[in-house]
Structure formats: C-alpha cells, structure tokens
Amino acid sequence: MSLVVISDWLADTGAEQRVADLLPAVTQAALAEPGVLSFRVVRSLRDRSAFVVFAEYEDEQALAAHRESAAYQQLVLSRITPHLIDRQAEAYAVV
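Residues numbered from 1 in each chain as written. Predicted model: local features only at pLDDT ≥ 70, side-chain atom pairs only at ≥ 80, totals over all residues. Heavy atoms only, no water.

S.K.: How do you make sense of the overall build of the chain when you look at a structure like this?
M.R.: A tally of helices and strands in the chain yields three helices and four strands. Put simply, the chain runs from its N terminus to its C terminus through helices and strands in the order β-α-β-β-α-α-β. Against the 2.2 N^0.38 benchmark of 12 Å for 95 residues, the chain shows a C-alpha radius of gyration of 13 Å, consistent with a compact globule. A principal-axis box enclosing the C-alpha atoms of the chain has dimensions of 40 × 30 × 20 Å. Counting the 95 residues in the chain, one finds 34% classified as buried. Accessible surface, the chain as shown: approximately 5800 Å² in total, 52% of it carbon and sulfur. (Helix = DSSP H or I, 4+ residues; strand = E, 2+ residues; numbered from the N terminus. Rg over C-alpha atoms; globule rule 2.2 N^0.38 Å. Buried < 20%, exposed > 50% of the residue type's maximum accessible area, 1.4 Å probe, protein only. Areas by Shrake-Rupley, 256 points an atom, 1.4 Å probe, with all protein chains shown as cover.)

What follows is the structure, given as structure tokens:
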C-alpha cells in the first residue's frame, strides 16, 4: 500500500525565491530515488511564500529512505529548512 505525504512550507520573508529556486533540484532528486512514485511541488498564487509538496512512496521504507538520502539532507534540511518559518507534514495511506 502506497503512502502519500503532503507537506506545507512557508518561506521566511525575503527567502521565497531562494526556496523556489531549489525546488526543481529537490523534485529531480526525489523522482530518481527507488520507491518514490510521484513528487510534485506547487506554489500559492495568492501567497508566494507558501509551498505544498505532494509525494507518494511505495511504502514507509521508501519514505524513510527518501528522508535519509543525501539530496534530502543537503537540499531540504541544510538549504531550504533554515529559510522556512513553518513546515508541516501529514502522511496518508491510499485507500
């Protein structure tokens, strides 16, 4: 059974474009990982600091492997997260 994770990110004032500029690399790296079924990031048209990440993984092990990947550690944790003022994630099982 696959697992969907929906993450809401809110970039700090002045860092919106810096975050946006890194997202294609995050998407490309995630889609190259085994067990990642889909990965898409959208940006609000109303609030340009708001991003939503939609990711689907084969299972919990694929999600764990994604979070342990070098790309996630280097891009998301080291380069994006410091520029976020809020970051929420919720996991869902496909029914």
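Don't stop here, the text continues.
S.K.: Explain the nonpolar core here, please?
M.R.: Membership of the largest hydrophobic core comes to 23 residues, with the highest contact counts inside it found for Trp 9, Val 19, Phe 39, Phe 51, Tyr 57 and Ile 80. Going through the elements one at a time, strand E1 (3-11), helix H1 (16-31), strand E2 (36-43), strand E3 (50-57), helix H2 (60-68) and helix H3 (70-80) are the ones with two or more residues in this core. It is H1 that provides the largest number of residues to this core, a total of six residues. Ignoring sequence-local partners within four residues, the contact set of Trp 9 consists of Leu 23, Ser 49, Ala 50, Phe 51, Val 53, Val 76, Ile 80, Leu 84, Asp 86 and Arg 87. (Core = buried A, V, L, I, M, F, W, Y, C linked by side-chain atoms within 4.5 Å. Contact = heavy atoms within 4.5 Å.)

S.K.: Before we go on, may I ask you to explain the side chain of Ser 49 in this structure?
M.R.: Here Ser 49 is to be found in the loop between E2 and E3. Within the local environment of Ser 49, its side chain forms a polar contact with the side chain of Asp 47, the two groups lying 2.6 Å apart. (Polar contact = N/O pair within 3.5 Å; in protein donor to acceptor, adjacent residues only side chain to side chain.)

S.K.: Which parts of the structure should I look at to understand the sheet that holds E1?
M.R.: Sheet strands associate in pairs through backbone hydrogen bonding, adopting either a parallel or an antiparallel arrangement. On the basis of which strands lie adjacent, the open sheet formed by four strands has the order E2-E3-E1-E4 and antiparallel pairing. Both edges of this open sheet fall to E2 and strand E4 (84-93), since each of them pairs with a single strand only. The mean angle between the axes of side-by-side strands here comes to 15°, regardless of whether they run parallel or antiparallel. Note: E1 against E4, nine bridges, orientation antiparallel. When the sheet's bridge partners are listed, Leu 3 is paired in E4 with Ala 93. (Pairing = 2+ DSSP bridges. Axes fitted to C-alpha atoms, helices over the stretch in contact; angles between N-to-C directions.)

S.K.: Explanation requested: the pairing of E1 in the structure shown.
M.R.: A regular strand places its side chains so that they alternate between the two faces of the sheet. Here E1 shows one buried face, formed by Leu 3, Val 5, Ser 7, Trp 9 and Ala 11, and one open face, formed by Val 4, Ile 6, Asp 8 and Leu 10. Here eight bridges tie E1 to E3, and the two strands are oriented antiparallel to one another. Each residue of the ladder has a partner; that of Ser 7, found in E3, is Val 53.

S.K.: It is not clear to me how H1 should be interpreted in this structure. Could you clarify?
M.R.: In an α-helix there are 3.6 residues to a turn, and that puts residues three or four apart on one side. The terminal C-alpha atoms of H1 lie 23 Å apart, and with 16 residues this matches the ideal 22 Å at 1.5 Å per residue to within 8%. Most pronounced at Leu 23, the bend in H1 amounts to some 30°, and the proline Pro 24 follows within four residues. For H1, the set of buried residues is Val 19, Ala 20, Leu 22, Leu 23, Val 26, Thr 27 and Ala 30. Turning to H1, the residues buried within the fold contact E1, E2, E3, H2, H3 and E4. (Expected span 1.5 Å × (residues − 1). Bend = angle between axes of the 7 residues up to and from the residue.)

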